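Listed here are the chains, written in short residue letters.
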Amino acid sequence: MNIKWDAEKYTSDFAFVHQYGHHAAELIDAREGCTVLDLGCGNGALSKTLQEKGFLVTGIDASKELLHIAKTNYPEITFIQADAADFSLSHPVDVVFSNAVFHWIDKTHHPAMLQCVNRTLKENGQFVFEFGGYGNNRMIHEALTEAFQQFHYRYQNPFYFPTIGEYSALLEQAGFQVRLAVLFDRMTELKGEHGLKEWIKMFIKSPFSVVKNKAEQEEIIETTVAKLQDSLYRDGKWYADYVRLQMKVIKNDR
Ligand code: BEZ
C-alpha cells in the first residue's frame, strides 16, 4: 500500500471514515489497561478513541503524511511507520484493531499481513476489524468502468472486497477462529455539493494513471458522476454505496 494522501483534506472532508469506525471499536471486549494495536491508524483519530476507552494504544501506518497529523494531534500516543503486511512489535498485544484499511492491501499480501497480526497477538488475543466487503461501492465502480470505456480506457478496480466465506478461510489458515462476521450495507452521506466528485478524486487514484491528460481525467470523473446522479444523489446530497465487512476473531491456542 503506497499511497500519497492529501492528509489535511482526508481529515477535514472524510471524517466519516473514522467516525463510523467507532462501531467496530465497540466490538473489542477487553479491560482498561489492555494493549491495543491500531493497524493502519491513519490520522490517529481512532487511536485516540481507543486510548479514551482506557487502552494502551500503539498506531501503525505506512503513510508519512497521515502519521505526521497523528503525531501532531496526539503526541501522547506511540505511532510507528510500517507496512501492514511487514511489521513487528517488541511486545505482543491483547488486541489488534483495524478500520477501513484492508481493502487497500493487495489480495496476495493478506496472508503475510494475517501472519504479522497473529505473531503480534498474545495467545487468545482478539483481532477486530472492519473494511470494504463484497459488493462495496459496486455502483461507483460500475459507473467508472463504463466511463473509462467511453474514453477508450480500461478501468482496473484496485481494491479487495472479499465475502465472509473467502476471508474466514484466510483467517483460519492464518491461525484464527472466527467469532463474529457481518456483511452489511451502509449508504454513506458525502460532504458537499460535489461530494461524489471529491470522493473519486480522493480515493480512486491508481486507475487514472493510464489517463495521462488531466483534462480527460476530469471529463471521465464528470461522466461517472453524471451516470450516478439518479442512484446516488438524493434530496441535495451525494451518497457512496458502502458495504462493510466487520469481523471479530481470536488467535488459536497452540
Ligand atoms: C472503503 O472504506 O470501503 C473505501 C474507501 C475508499 C475507496 C474504497 C473503499
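In short, a report on the structure. (Residues numbered from 1 in each chain as written. Predicted model: local features only at pLDDT ≥ 70, side-chain atom pairs only at ≥ 80, totals over all residues. Heavy atoms only, no water.)

## Observations regarding the environment of isoleucine 200
Position of isoleucine 200 among the secondary structure elements: in helix H8 (residues 195-203). Taking the relative accessible area as the measure of exposure, isoleucine 200 reaches 0% and is therefore buried. Along the chain, isoleucine 200 and isoleucine 140 lie 60 residues apart, while their C-alpha atoms are 8.8 Å from each other. With near-sequence residues (within four places) excluded, isoleucine 200 lies in contact with Leu144, Phe208, Ile221, Thr224 and Val225. (Helix = DSSP H or I, 4+ residues; strand = E, 2+ residues; numbered from the N terminus. Buried < 20%, exposed > 50% of the residue type's maximum accessible area, 1.4 Å probe, protein only. Contact = heavy atoms within 4.5 Å.)

## Points about the pattern of salt bridges
Within the structure shown, the criterion is met by 11 salt bridges. Residues aspartate 13 and lysine 191 are paired through a salt bridge, measuring 3.4 Å at the closest nitrogen-oxygen approach. Taken together, the residues span a long stretch of sequence, with aspartate 13 in helix H1 (residues 7-13) and lysine 191 in the loop between strand S6 (176-189) and H8 at a distance of 178 residues. Judged by relative accessible area, which is 54%, lysine 191 ranks as exposed. Put simply, glutamate 130 and arginine 244 hold a salt bridge, and the shortest N to O gap is 3.1 Å. Pair noted here: glutamate 130 is in strand S5 (residues 121-132) and arginine 244 is in strand S8 (residues 237-251), with a separation of 114 residues, a long-range link. Like arginine 244, glutamate 130 is buried. (Salt bridge = Lys/Arg side-chain N within 4 Å of Asp/Glu carboxyl O.)

## Looking at the packing of H8 against helix H9 (residues 214-232)
Running from N to C, H8 and H9 cross one another at 130°; their axes reach a closest spacing of 10 Å. When the interaxial angle is binned, H8 and H9 end up oblique. Once H8 is placed against H9, the crossing between them reads as right-handed. Residues Leu196, Lys197, Ile200 and Lys201 of H8 touch H9, and the partners they reach there are Glu218, Ile221, Glu222, Thr224, Val225 and Leu228. Split into classes, the residues belonging to the contact of H8 with H9 amount to 5 nonpolar, 1 polar and 4 charged. (Axes fitted to C-alpha atoms, helices over the stretch in contact; angles between N-to-C directions. Parallel < 35°, antiparallel > 145°, perpendicular 65-115°, else oblique. Left-handed = near helix turned anticlockwise from the far one by under 90°. Nonpolar A, V, L, I, M, F, W, Y, C, P; charged D, E, K, R; others polar.)

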